[in-house]
Amino acid sequence: MHRPSYLAVFWMFARNSLIRDMTFRTNYIIEVIFGVSWALMNLGFYTLIYRLMYADGDGHASIAGWSQYEFFVFIATTILVNSLVEGLFMSNAEELSELTRTGGLDFALLKPIDTQFLVSLQRINWSAIPKLVLALALLAYSIPRIEGLTLSPIQFVLYPLYVIMGTLILYSVMIALAATSIWLGRNQSLYDFWFYITNFSRYPMEIYAGPFGSPLRYAFTYFIPILVVINVPAATLAKPLSAADWPLAGFALFATVASLAFSRWVFQRALLSYRSASS
Amino acid sequence: MLARAQIWWTVFTMCVAERLAYRGDFVLGTTMRFLPIITQIFLWTAVFASSGSGTMVGFTRDDIVAYYLLTMVARAFSSMPGLASGIAGQIRNGEIKKFLIQPIDLVGFSLLARLGHKVVYYGVAIGPFALVFWLCRSYFPGWPPGEYLAAFLLSLVMSFLLGFFLEASLGLAGFWTLEISSLLFVYMLFNFFFSGHMFPLEILPEPWRTWVGWMPLKYLAYFPAAVFLQKIPADQLWQEMGVMALWTLFFFVLCRRMMHAGFNRYSGYGG
């Protein structure tokens with residue numbers, strides 16, 4: 001049997017989505033402005049916090065060991081990973097519960113291509129692109145301002161790799177949650193759950209300290225590895241490389257593979273119980 | 001008069017019943033809403049660890065955590081998910097026509113529906129709220145004096161009305177533009193940052209602080225919390241309450257006027 005070229009199919013999805021986005025151009029522009037302003041206001045909030053810390057303390061300011069520009073790299077990484085997830089997977093995962101409810105998944109199952117690939121990537125959201133640009137600009141602004149940081153070529157290589165791994169971990173969590181809609185029919189609460197659980201990943205893992213924080217940190221690093229998603233790439237770029245970081249960096253690789261495998265398993269199991277909808 | 005009260009009561013009980021239909025999902029959703037508080041506690045602990053004096057703009061770490069919890073109470077009263085988009089949607093698809101022949105108007109019906117939903121919400125949410133507040137009781141400085149407590153309770157009721165009439169006015173803008181999603185985007189963005197939902201407004205530098213101080217948004221989240229924590233000086237407390245009442249009145253009048261003006265120009269799109 002002829003195997004489809006996944007790259008060509010993906011290219012077709014991207015092209016169609018772009019045509020669609022450009023058809024509703026005003027909507028596209030509003031989405032872009034909204035996304036970018038949201039990110040900028042968030043950045044403004046942390047700028048204010050650091051300003052207060054400088055004004056109030058002894059001339060140094062840090063959140064759990066992250067100085068202002070290191071933290072900006074952290075925020076840039078958050079924007080980067082989130083816009084990749086939003087751009088590639090978010091609307092598709094939302095669509096999956098709709099496909100289940102309406103019976104549209106039948107058509108996806110009939111196509112001679114991997115179903116998970118098809119339902120995960122068929123709609124690319126191009127309005128996430130300007131946020132990617134914003135994140136890169138923020139990186140370019142912040143990195144030279146971090147005191148005493150000299151970047152080695154290996155950091156430039158590792159950073160994009162870890163950003164991709166972070167994106168894949170978030171994708172795994174998302175598709176596994178979305179797949180449960182095949183069992184449940186509809187799951188609004190699970191989407192809220194997605195929002196709240198990824199909320200933990202948006203802060204440096206060092207803030208989770210103390211008798212309550214440490215167990216939380218371990219659970220969200222080793223059990224559901226969402227703390228790895230932003231922390232590992234951000235620390236790779238913003239902090240000097242040290243031997244102490246390697247175990248976590250190695251674990252990030254393992255966590256990516258394990259999350260992908262787990263979500264694949266959940267997805268396949270969910271498909272087995274799909275019974276189609278009345279139509 | 002009695003007939004009118006009966007209509008209102010019927011609508012209200014109908015909306016209560018409608019809301020109770022999905023209570024399981026609802027308890028779960030309410031409890032999960034507290035999860036971000038956990039990260040806020042850790043974040044602010046880390047921020048204050050770096051600050052020498054232990055206070056920032058008059059807030060200690062405990063104050064900030066108490067502040068976030070109290071804004072959640074305020075927002076339970078003032079937030080109106082889906083109200084503006086719902087009204088605009090009804091205008092767009094023509095559903096609004098039914099109010100022209102029914103003995104209750106659009107704004108009155110929406111208000112009762114909201115009230116019904118909120119009453120059920122408080123009935124269910126009081127459990128998770130009480131639990132979280134009890135767990136976090138050490139962050140609170142204690143009960144405020146009677147005057148502040150009364151002002152706090154009154155400000156919660158007013159924040160419900162203010163939130164309702166403000167968002168209903170936004171929705172009624174649909175008579176003129178049909179599609180209000182971009183307007184709502186802007187409103188959501190401003191609401192998140194300038195209502196005090198994201199941080200105590202004292203953090204804002206001048207002149208922003210003064211500007212935001214004059215806007216109605218701060219009464220939706222910041223103000224009730226600041227009253228409870230006695231961050232509003234005693235001599236300004238009732239003056240601020242008066243301003244809040246004026247804003248509520250302003251949006252009430254605006255909302256009624258927009259509705260009538262809207263009906264006058266309404267030409268019945270949709271089926």
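Notes on the structure in this doc start here. (Residues numbered from 1 in each chain as written. Chains lettered and ligands numbered in written order. Predicted model: local features only at pLDDT ≥ 70, side-chain atom pairs only at ≥ 80, totals over all residues. Heavy atoms only, no water.)

Some remarks on the overall build of chain A
Working step 1: Each helix and strand counted, chain A has eleven helices and zero strands in total.
Working step 2: When the helices and strands of chain A are placed in sequence order, the string is α-α-α-α-α-α-α-α-α-α-α.
Working step 3: Relative to the compact-globule value of 19 Å for 279 residues, chain A shows a C-alpha radius of gyration of 20 Å, a close match.
Working step 4: The buried share of chain A, reckoned over its 279 residues, is 50%.
Working step 5: When contacts within chain A are restricted to residue pairs at least 6 apart in sequence, those whose partners lie at least 24 apart make up 80%.
Working step 6: If you sum the accessible surface of chain A, you get close to 13,800 Å²; carbon and sulfur atoms cover 67% of it.
Working step 7: Placing the 17 positive and 15 negative side-chain charges of chain A at their respective mean positions leaves the two points 9 Å apart. (Helix = DSSP H or I, 4+ residues; strand = E, 2+ residues; numbered from the N terminus. Rg over C-alpha atoms; globule rule 2.2 N^0.38 Å. Buried < 20%, exposed > 50% of the residue type's maximum accessible area, 1.4 Å probe, protein only. Contact = heavy atoms within 4.5 Å. Areas by Shrake-Rupley, 256 points an atom, 1.4 Å probe, with all protein chains shown as cover. Lys, Arg positive; Asp, Glu negative; His and termini not counted. Charge placed at Lys NZ, Arg CZ, Asp CG, Glu CD.)

Thoughts on the pattern of salt bridges
Working step 1: Scanning the entire structure with this criterion turns up seven salt bridges over all chains.
Working step 2: For K131 of chain A, the salt bridge is made with E86 of chain A, and the minimal N-O distance between the two is 2.8 Å. Of this pair, K131 of chain A sits in helix α6 (residues 129-142) while E86 of chain A sits in helix α3 (residues 68-102), placing them 45 residues apart in sequence.
Working step 3: A relative accessible area of 25% means that E86 of chain A is categorised as partly exposed.
Working step 4: The residue K218 of chain B makes a salt bridge to E240 of chain B at a minimum N-O spacing of 3.2 Å. A residue pair is termed long-range when its members are at least 10 positions apart, and K218 of chain B in the loop between α11 (208-214) and α12 (222-228) and E240 of chain B in helix α13 (residues 234-265) qualify at 22 residues. Comparing K218 of chain B with E240 of chain B shows no difference in burial state: the two are buried. (Salt bridge = Lys/Arg side-chain N within 4 Å of Asp/Glu carboxyl O.)

So, the side chain of S83 of chain A
Working step 1: Residue placement: S83 of chain A occurs in helix α3.
Working step 2: Apart from the residues lying within four places of it in its own chain, the contact partners of S83 of chain A are A128, K131 and L132 of chain A.

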